[in-house]
Amino acid sequence: MSFPALVEPADELTIDEVRRYSRHLIIPDVGMTGQKRLKNAKVLVIGAGGLGSPALLYLAAAGVHTLGIAEFDEVDESNLQRQIIHGQSDIGKSKAQSAKESIAETNPYVDVIVHETRLDNDNVMEIFRGYDLIVDGTDNFATRYMVNDAAYFLGIPYVWGSIYRFDGQASVFAPTMADDAPCYRCLYPEPPPPGMVPSCAEGGVLGVLCASIGSIQVNEAIKLLTGIGEPLIGKLMIYDALEMEYRKLRVRKDPNCALCGENPTVTGLIDYETFCGAISDDAAEAAAGSTISVTQLEHMLKERSEGTRDFVLVDVREPNEFEINRIPGSVLIPKGDFLNGSALEKLPSDKQIVMHCKSGVRSAETLAIVKGAGYADAVHVGGGVVAWVNQIDPSQPSY
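As the structure is a computational prediction, the values presented were derived from the model and not from experiment.

## A short note on helix α5 (residues 95–106)
For step 1, the next point in the chain: The terminal C-alpha atoms of α5, which comprises twelve residues, lie 16 Å apart, in line with the 16 Å expected from a rise of 1.5 Å per residue.
For step 2, the next point in the chain: Among the residues of α5, Lys95, Ala96, Ser98, Ala99, Ser102 and Ile103 are the ones counted as buried. The buried residues of α5 occupy an angular sector of 160° when the element is viewed end-on, so they sit on one face.
For step 3, the next point in the chain: The inward-facing, buried residues of α5 contact α4 (52–62), β2 (66–70) and β3 (111–115).

If you want it as structure tokens, here you go:
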């Protein structure tokens, strides 16, 4: 099913623009009118990371005249494996500014608007307002639900993408464009339990997967802006890079959807952090009063080396993470072993258990399991390996 173009065509293309976009102009479905629509379009890309990098470059190359970038982070060396809009000289620089400079090199006719702030309930509606389309490249559930809700309230369609390891997904959510068009909540009514789905920072992502899904997002954006083809409205594209397999599933509008259903219960922006939950209630309860800092851990390790204290320091990350960096003296028992119960057989009953992960989320979840098994004096390390590398041992690589 085709949909009307989101944007009216601009008055004209300059001679230089005709030269630049000539390969678009000779495609009958795009032509002069389609390219004029792209020139008149205003697209906001959320994130200048894995998905945002290829999306921004290809939207700019395609001739989208106004590109907004919502990004508050800085370029880190670990980003360069997949975030191709940034380079070695950009390390430490604002991602938004780095992306703006790369876009200027790609297409000087693009007007870039930088929103160098974290999206939240106080600014998301103001930032979104005025754009024709949103391309969502976020990597956390709280922001995804907020983007979905804000876009719905403003009547702005958006292109969504998600990546993890070798798998990617993409869709278009535009419930205001058709009565039967679903929103993100129709596909995922509830977020997954806290800690159940690792982030890319925890589980990794194949760099080139970002290009595969990011290019699908841009393809959908161009179709929506120009009114050509059949967009992924009501469809979910699933990509398996290892099997080189694409699948397309039908996503139906949920009449009981909390946002776009017949009797909506979400009628305004909500507390998305609470809705998604950074950690489970059990983990939060276990961590309360049982969280130590890396400075305290350093002191404890010194006492252990002197023989005045004894405990077991357990790293609950995955083996490949353990190979990158580690806190000295730790033993590796992945979180999965705690979930299936096999880890408890490896823990001594006569020593205190100290747990850590990359940032403190997974270790808080496993701490709840350990305390439930009777290890009342168990603790976990707030900030995990990231805090250890930043504060205690900067000689180790971060990731």
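## Notes on the pairing of strand β12 (residues 352–356)
Put simply, side chains in a regular strand alternate between the two faces of the sheet.
For step 1, the next point in the chain: A large share of β12 lies buried, amounting to five of its five residues.
For step 2, the next point in the chain: As defined by bridge partners, strand β10 (residues 311–315) adjoins β12 across five bridges and the pair is classed as parallel. Note that in β12 the partner of phenylalanine 311 across the bridge is glutamine 352.
For step 3, the next point in the chain: Pairing analysis gives two bridges linking β12 to strand β13 (residues 379–381), with the strands arranged parallel. Residue valine 354 lies in a different strand from β13, and its bridge partner there is valine 379.
For step 4, the next point in the chain: With helix α16 (residues 361–372) bridging β12 and its parallel neighbour β13, the resulting β-α-β unit is right-handed.

## Notes on the pairing of strand β7 (residues 235–240)
For step 1, the next point in the chain: In terms of burial, β7 is largely enclosed, as five of its six residues are buried.
For step 2, the next point in the chain: Where strand β6 (residues 167–173) meets β7, five bridges bridge the pair, whose relative direction is antiparallel. The residue of β7 that forms the bridge with glutamine 169 is isoleucine 238.
For step 3, the next point in the chain: Relative to strand β8 (residues 245–250), β7 runs antiparallel, the two sharing six bridges. Looking at β8, one finds that aspartate 240 is bridged to glutamate 245.
For step 4, the next point in the chain: Between β7 and the antiparallel strand that follows it, β8, lie four residues; methionine 244 among them carries a positive phi value of about 50°.

## Digging into the side chain of arginine 144
For step 1, the next point in the chain: In this structure, arginine 144 sits in helix α7 (residues 141–154).
For step 2, the next point in the chain: One buried charged residue, arginine 144, remains without a salt bridge, the closest side chain of opposite sign being aspartate 136 at 5.3 Å.
For step 3, the next point in the chain: For arginine 144, the side chain forms a polar contact with the main-chain oxygen of threonine 138, separated by 3.5 Å.
For step 4, the next point in the chain: Every residue in contact with arginine 144, bar those within four places of it in the chain, is listed here: Asp136, Thr138, Asp139, Tyr158, Trp160, Ser162 and Tyr184.

## What about the pattern of salt bridges?
For step 1, the next point in the chain: Overall, the coordinates contain 13 salt bridges when judged by the stated rule.
For step 2, the next point in the chain: For lysine 39, the salt bridge identified is with glutamate 17, shortest N-O distance 2.9 Å. One end of the pair, lysine 39, is in helix α3 (residues 31–39); the other, glutamate 17, is in helix α1 (residues 15–20), with 22 residues separating them in the sequence. Across this residue pair, the class does not change: lysine 39 and glutamate 17 are buried.
For step 3, the next point in the chain: Across the pair aspartate 90 and lysine 93 runs a salt bridge whose closest N-O atoms are separated by 3.1 Å.
For step 4, the next point in the chain: For lysine 93, a relative accessible area of 26% puts it in the partly exposed group.
For step 5, the next point in the chain: Residues joined by salt bridges that share partners form a network here, namely Asp90, Lys93 and Glu101.

## Remarks on unusual backbone geometry
For step 1, the next point in the chain: Here arginine 165, not a glycine, exhibits a phi torsion of approximately 55°, which is positive.
For step 2, the next point in the chain: One can find arginine 165 in the loop between β5 (158–164) and β6.

## Quick word on the sheet that holds β10
For step 1, the next point in the chain: Taken in spatial order, the five strands of this open sheet run β9-β13-β12-β10-β11, and their pairing is parallel. With partners counted over all chains shown, the strands left at the sheet margins are β9 (291–292) and β11 (331–332), one partner each.
For step 2, the next point in the chain: Seen against the sheet, helix α13 (residues 294–306) touches β9, β10, β12 and β13 and runs at an angle of roughly 130° to β10.

## Things to note about the environment of valine 354
For step 1, the next point in the chain: In this fold, valine 354 is placed in strand β12.
For step 2, the next point in the chain: Assessed through its relative accessible area of 0%, valine 354 is described here as buried.
For step 3, the next point in the chain: Sequence-wise, valine 354 and alanine 368 are 14 residues apart; in three dimensions their C-alpha atoms are separated by 12 Å.
For step 4, the next point in the chain: Contact partners of valine 354, with chain neighbours within four places excluded, come to Ile292, Leu297, Met300, Phe311, Val312, Leu313, Val314, Val379 and Val381.

## Some remarks on a nonpolar patch on the surface
For step 1, the next point in the chain: There is a patch of nonpolar side chains on the surface, built from Phe166, Leu206, Val208 and Leu242 and spanning about 360 Å² of accessible area.
For step 2, the next point in the chain: Along the chain, leucine 206 turns up in the loop between α9 (200–203) and α10 (207–226).

Criteria and thresholds
- Residues numbered from 1 in each chain as written.
- Predicted model: local features only at pLDDT ≥ 70, side-chain atom pairs only at ≥ 80, totals over all residues.
- Heavy atoms only, no water.
- Helix = DSSP H or I, 4+ residues; strand = E, 2+ residues; numbered from the N terminus.
- Expected span 1.5 Å × (residues − 1).
- Buried < 20%, exposed > 50% of the residue type's maximum accessible area, 1.4 Å probe, protein only.
- Arc of directions from axis to C-beta.
- Contact = heavy atoms within 4.5 Å.
- Pairing = 2+ DSSP bridges.
- Right-handed = clockwise from strand over helix to strand, strands pointing away.
- Lys, Arg positive; Asp, Glu negative; His and termini not counted.
- Salt bridge = Lys/Arg side-chain N within 4 Å of Asp/Glu carboxyl O.
- Polar contact = N/O pair within 3.5 Å; in protein donor to acceptor, adjacent residues only side chain to side chain.
- Axes fitted to C-alpha atoms, helices over the stretch in contact; angles between N-to-C directions.
- Patch = residues over 30% accessible without salt bridge, like charges linked within 9 Å, V, L, I, M, F, W, Y side chains within 5 Å.
- Areas by Shrake-Rupley, 256 points an atom, 1.4 Å probe, with all protein chains shown as cover.

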